[in-house]
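Structural overview for review
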Amino acid sequence: MELYVLFGTFVFLLAIGTPVAFCLGVSSFATVIYLGLPPVVVFQRLNSGVSVFALMAIPFFIFAGDLMVRGDIARRLVALAGAMVGHLRGGLGQVNITASVMFGGVSGSAAADASAVGGLMVPQMKARGYGVDYAVNITVVGSIIALMIPPSHNMIIYSIAAGGKISIADLFTAGIIPGLILALSLMAAAWWVASQRGYPTEPFPGLKRLGDLFLNALPGLFLILIIFGGVRSGIFTASESSNIAVVYAMLVTFLVYRSLSWHDFVEATKAAVRTTAMVLMVIGCANAFGWLLAYTRVPALLVEAMSNLSDNPIVILLLINLVLLILGTFMDMSPLIVITTPIFLPVAVAFGVDPVHFGVILILNLGIGLCTPPVGAVLFVGCAVGRIPIQDAIRTIWPFYSAAFVTLMLVTYIPSLSLWLPSLFH
């Protein structure tokens, strides 16, 4: 009965439009009252959920990404991507995806990627005769590459949700190859759609121009090396690297590019504070929710139920992926990471899945959820940038969904794609 109270209250509040953090907190409070436990337990768990030092990395990575968005970094990366891949079939579509790879390594945020890269690329693609649905679809699905490539703050949330026992450096490293495979899959889909519609290519500007654009974008790209190299080598922790990223972003945008105004700096600070407050509120309430899941033995019951269904890891992973894909259509990514990790990670580990590997599966899966209606935050951003109704984008987005799903299946069933690169550092 306590599970009916927990999930029933949560679903009811979600259905009437209550913010997710309050859904988690109120349902946890109602369940604690039903169980006869002291109500203060909920607030203790909420406090312990946000009193984690590793969480310090999240606001600073968000802040650094916002500074880069407002500091003209995206435009320089898009110009470099155009010189690199604009001559391929689909031209600006290929540029869009390649720019997402580079900008994702700077921002670590799918929403920031969709707004920054999409804001630059979608108008250009429309002006060159590309369908607006094609431009928006590439922008939306391509933006989830940012979730896989360091510095993805969602990887940090997963590590914390897993009890802080999983190395953030390993998670950062594990996402690189899957992220690049996702980019290649989307580029193949973009090529196919462009071929069907007869979209043009862009002229290759020459090696000299390519070199000039690379040097122009290098200060921004160097941030990727600072974050990943520093964390992976052990020179500094993820939390320390996030602070260094902010200082570096300010130096580049203020002193090197001289493209960040005082107004933009203030707006970036406000945006980072708002986003951080929202994320930490969700994490705190989800920690109370997750504690109740453990208290009521939901993970153990789920392992037992799935064991009765099948003892084949292939089937179990497929079931987990399907459940996560469905959940991702209704809830945002951060709360889902905190809610589902304590439920599904023990199940995956019980069937022999490495926790780092499962983290990559989870992030990619829930990233796809950001692109699906009815609660696809990145889908909303992309459609707003392209000024196109969501239904028009959804009607033709299936080649890019297919590419993302194929990548998800490859990452799920070929563990070495995630685990090989981290193994080189051990």
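The preceding data block contains the structure.
Here's a quick rundown of the structure. Because the structure is a prediction, the values reported are computed rather than measured.

1. Quick word on the overall build of the protein chain
- When helices and strands are tallied, the protein chain shows 23 helices and 0 strands.
- Relative to the compact-globule value of 22 Å for 426 residues, the protein chain shows a C-alpha radius of gyration of 21 Å, a close match.
- Its C-alpha atoms put the protein chain at 70 × 45 × 45 Å along the principal axes.
- When the 426 residues of the protein chain are sorted by exposure, 56% land in the buried category.
- In the protein chain, the share of contacts with a sequence separation of at least 24, taken over all contacts with a separation of at least 6, comes to 80%.
- Approximately 17,100 Å² of the protein chain is accessible, and the part contributed by carbon and sulfur atoms is 70%.

2. So, the packing of aromatic side chains
- One pass over the full model with this rule turns up 10 aromatic pairs.
- Where Phe29 meets Phe43, the ring centres are 6.3 Å apart and the plane angle is 65°; that geometry is what we call edge-to-face. Within this pair, whereas Phe29 is found in helix α2 (residues 20–35), its partner Phe43 is found in helix α3 (residues 40–50), the two being separated by 14 residues in sequence.
- Taking the relative accessible area as the measure of exposure, Phe29 reaches 32% and is therefore partly exposed.
- Relative to Tyr199, the ring of Tyr130 lies with its centre 4.9 Å away and its plane at 50°, an arrangement referred to as tilted. Of the two residues, Tyr130 sits in the loop between α7 (110–127) and α8 (132–142) while Tyr199 sits in the loop between α12 (176–197) and α13 (207–233), which places them 69 residues apart along the sequence. Each of the two residues, Tyr130 as well as Tyr199, counts as buried.
- Following the ring pairs from residue to residue traces out a cluster consisting of Phe63, Phe254, Trp262 and Phe265.

3. Brief notes about the nonpolar core
- Grouped together as the largest cluster of nonpolar side chains are 149 residues, with contacts concentrated most on Leu24, Tyr134, Tyr158, Phe172, Phe358 and Phe400.
- When residues of this core are assigned to their parent elements, the largest contribution, 12 residues, is made by helix α15 (residues 262–295).
- Residues in contact with Phe400, not counting those within four places in the same chain, are Tyr134, Asn137, Ile138, Val141, Leu186, Ala189, Ala190 and Val193.

4. A closer look at the side chain of Thr253
- With respect to the secondary-structure elements, Thr253 resides in helix α14 (residues 238–256).
- Once residues lying within four places of it in the same chain are set aside, the contact partners of Thr253 are Leu67, Gly71, Ile73, Arg258, Ser259 and Leu260.

5. Some points on a nonpolar patch on the surface
- Judged by side-chain polarity, Phe29, Ile33, Val40 and Phe43 come together as a nonpolar surface patch covering roughly 370 Å² of accessible area.
- For the nonpolar patch, the elements supplying multiple residues, two or more each, are α2 and α3.
- As for its position among the elements, Val40 is in helix α3.
- Taking relative accessible area as the criterion, Val40 reaches 45% and is therefore assigned partly exposed.

6. Observations regarding the environment of Ile58
- Within the secondary structure, Ile58 is located in helix α4 (residues 57–70).
- With 221 residues separating them along the chain, Ile58 and Val279 place their C-alpha atoms 8.8 Å apart.
- With residues near it in sequence (within four places) discarded, Ile58 still touches His153, Ile156, Ile157, Val279 and Ile283.

7. Details of the packing of α8 against α12
- Taken N-terminus to C-terminus, the directions of α8 and α12 make an angle of 175°; their axes are 11 Å apart at the nearest point. Judged on the interaxial angle alone, α12 and α8 are roughly antiparallel. Within the contact between the two elements, α8 uses Asp133, Tyr134, Ile138, Val141 and Gly142 and α12 uses Leu186, Ala190, Val193, Ala194 and Arg197.
- Class assignment of the residues belonging to the contact of α8 with α12 gives a composition of 7 nonpolar, 1 polar and 2 charged.

8. Regarding the pattern of salt bridges
- Tallied over the entire structure, the rule returns 4 salt bridges.
- Salt-bridge contacts for Arg197 lead to Asp133; the nearest nitrogen and oxygen are separated by 2.9 Å. With Arg197 in helix α12 and Asp133 in helix α8, this residue pair connects regions lying 64 residues apart in the sequence.
- For Asp392, the salt bridge identified is with Arg395, shortest N-O distance 3.1 Å. Of this pair, Asp392 and Arg395 both sit in helix α21 (residues 390–395), 3 residues apart, which is roughly one turn of the helix.

9. Quick word on the environment of Pro342
- For Pro342, the position within the fold is in helix α18 (residues 333–350).
- For the pair Pro342 and Asn287, spaced 55 residues apart in sequence, the C-alpha separation works out to 9.7 Å.

10. Here's the deal with unusual backbone geometry
- The backbone of Arg258 shows a phi angle near 50°, a positive value even though the residue is not glycine.
- Take Arg258: it is sitting in the loop between α14 and α15.

11. Details of the environment of Ile73
- Mapped onto the elements of the fold, Ile73 is located in helix α5 (residues 73–85).
- In this structure, the C-alpha to C-alpha distance between Ile73 and Phe351, residues 278 residues apart in sequence, is 44 Å.
- Look past the residues within four positions of Ile73 in its chain and what remains in contact with it is Met68, Gly220, Val252, Thr253 and Tyr257.

Definitions and cut-offs
Per chain, residues are indexed from 1 in the order of the written sequence. Selection of residues for local features in this predicted model requires a pLDDT of at least 70, selection of side-chain atom pairs for listing and counting requires 80 or more, and totals for whole chains, interfaces and linings are taken over all residues. Based on all heavy atoms of the structure, the side-chain values leave hydrogens and waters out of the count. Helix numbering and strand numbering both begin at the N terminus, where a helix is a DSSP run of H or I of at least 4 residues and a strand a DSSP run of E of at least 2. In this setup the radius of gyration rests on C-alpha atoms only. A globule is expected at 2.2 Å times the number of residues raised to 0.38. Only protein chains enter the accessibility calculation, which uses a 1.4 Å probe; a residue is then buried when its area is under 20% of its type maximum, exposed when over 50%, and partly exposed in between. Only heavy atoms enter the contact rule, under which two residues are in contact if any of them lie within 4.5 Å. Only the protein chains shown count as cover for residues, and the accessible areas themselves come from Shrake-Rupley with a 1.4 Å probe. Put simply, two rings from Phe, Tyr or Trp (the six-membered ring, in Trp's case) pair if the centres are within 6.5 Å, and we call them stacked under 30 degrees between planes, edge-to-face over 60, tilted for the rest. Residues belong to one nonpolar core when they are buried, are Ala, Val, Leu, Ile, Met, Phe, Trp, Tyr or Cys, and are joined through side-chain atoms within 4.5 Å. Two distance rules govern patches: like charges are joined within 9 Å, and nonpolar side chains (Val, Leu, Ile, Met, Phe, Trp, Tyr) within 5 Å, applied only to residues with over 30% relative accessible area and no salt bridge. What counts as a salt bridge is simple: a side-chain nitrogen of Lys or Arg found within 4 Å of a carboxyl oxygen of Asp or Glu. Comment: axis = line fitted to C-alpha atoms, over the contacting stretch for helices; angle = value between 0 and 180 degrees taken between N-to-C directions. An angle below 35 degrees is treated as roughly parallel, one above 145 as roughly antiparallel, one from 65 to 115 as roughly perpendicular, and anything else as oblique. In this classification, Asp, Glu, Lys and Arg are treated as charged, Ala, Val, Leu, Ile, Met, Phe, Trp, Tyr, Cys and Pro as nonpolar, and every other residue, Gly included, as polar.

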